[in-house]
Amino acid sequence: EAGVVVVGNASLSELECNILACSSLYGVSVTEGAKAILQGNTIRGCKDAGVSLSGRGSWARLSANELLANGQHGLVVADKGAAVVESGVFCEHAYGALVMDAGSYMW
């Protein structure tokens, strides 16, 4: 998955107070059971979504992030991923947050 920050293979990553302005598919891609804590970041200008979560056990907590001007969505949760959204700003072309399938969750 093409992303500025890719977190995979059951690892843990914390991103705080970053500005990610990119032309990649995703700003942050969390896959393969990885965990990410995103706080106070601005993610903008990605081709598809600011944050993508996919794969069983992939999880992210988002707090006070701004997901702006991405190609389609601010946040995409798919393939049994999960997201906890505590607060944030989502301003996108299609959906601010999109849960793709029945096995994926956002709360």
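The text that follows walks through the structure, step by step, so that each part is easy to find. Here the structure is a predicted model, which is why all the values come from computation and not from measurement.

### A short note on the side chain of Glu92
Stage number 1. Inspection of the secondary structure assignment puts Glu92 in the loop between β10 (82–91) and β11 (95–99).
Stage number 2. Among buried Asp, Glu, Lys and Arg side chains, Glu92 stands out as unpaired, with Arg44 the closest opposite charge at 9.0 Å.
Stage number 3. A distance of 3.3 Å separates the side chain of Glu92 from the backbone nitrogen of Leu68, its partner in a polar contact.
Stage number 4. Beyond its immediate chain neighbours, meaning those up to four positions away, Glu92 contacts Leu67, Leu68, Ala69, Asn70, Gln72, His73 and Gly74.

### Overview of unusual backbone geometry
Stage number 1. With phi around 60°, Cys17 is a residue other than glycine that occupies positive phi space.
Stage number 2. Checked against the element boundaries, Cys17 lands in the loop between β2 (12–16) and β3 (19–21).
Stage number 3. According to the relative accessible area criterion, Cys17 is exposed, its value standing at 60%.
Stage number 4. Despite not being glycine, Glu32 shows a phi value in the positive range, around 55°.
Stage number 5. Within the secondary structure, Glu32 is located in the loop between β4 (26–30) and β5 (35–39).
Stage number 6. Looking at Glu32, the relative accessible area reads 55%, which means it is exposed.

### Observations concerning the nonpolar core
Stage number 1. Core analysis: the largest hydrophobic core is formed by 20 residues, its most contacted members being Val28, Val30, Leu38, Ile43, Val51, Leu53 and Leu75.
Stage number 2. Contributing elements (two or more residues each) for this core: β1 (3–7), β4, β5, β7 (49–54), β8 (59–68) and β9 (73–78).
Stage number 3. Ranked by the residues each element gives to this core, the list is headed by β8, at three residues.
Stage number 4. Dropping the residues within four chain positions of it, Val30 is found in contact with Val7, Lys35, Ala36, Ser52, Leu53, Ser54, Ser58 and Trp59.

### So, the pattern of salt bridges
Stage number 1. Evaluated as defined, the whole model comprises one salt bridge.
Stage number 2. The closest approach of N and O atoms between Glu86 and Arg61, which form a salt bridge, is 3.6 Å. Linking Glu86 in strand β10 with Arg61 in strand β8, this pair joins segments that are 25 residues apart in sequence.

So, how was this worked out
All residue numbers here refer to positions counted from 1 along the written sequence of the relevant chain. With the structure being a predicted model, the display of local features is reserved for residues of pLDDT at least 70 and the display and counting of side-chain atom pairs for 80 or more, all residues being used for whole-chain, interface and lining totals. Note that water and hydrogens are dropped before the side-chain values are worked out from all heavy atoms of the structure. A helix here means a DSSP run of H or I that spans at least four residues, while a strand means a run of E at least two residues long, and both kinds are numbered starting from the N terminus. The buried label goes to any residue with under 20% of its type's maximum accessible area, the exposed label to any with over 50%, and the partly exposed label to all in between, with areas taken from a 1.4 Å probe on protein chains only. Under the counting rule used here, the positive set is Lys and Arg, the negative set is Asp and Glu, and His together with the chain ends is not counted. One side-chain nitrogen of Lys or Arg within 4 Å of one carboxyl oxygen of Asp or Glu is enough to make a salt bridge. Between N or O atoms, a polar contact is any pair within 3.5 Å; within protein, one atom must be a potential hydrogen donor and the other a potential acceptor, and residues adjacent in sequence are included only when both atoms are from side chains. Throughout, a contact is declared for two residues whenever any of their heavy atoms are within 4.5 Å. We define the nonpolar core as a collection of buried residues of types Ala, Val, Leu, Ile, Met, Phe, Trp, Tyr and Cys that are connected through side-chain atoms lying within 4.5 Å of one another.

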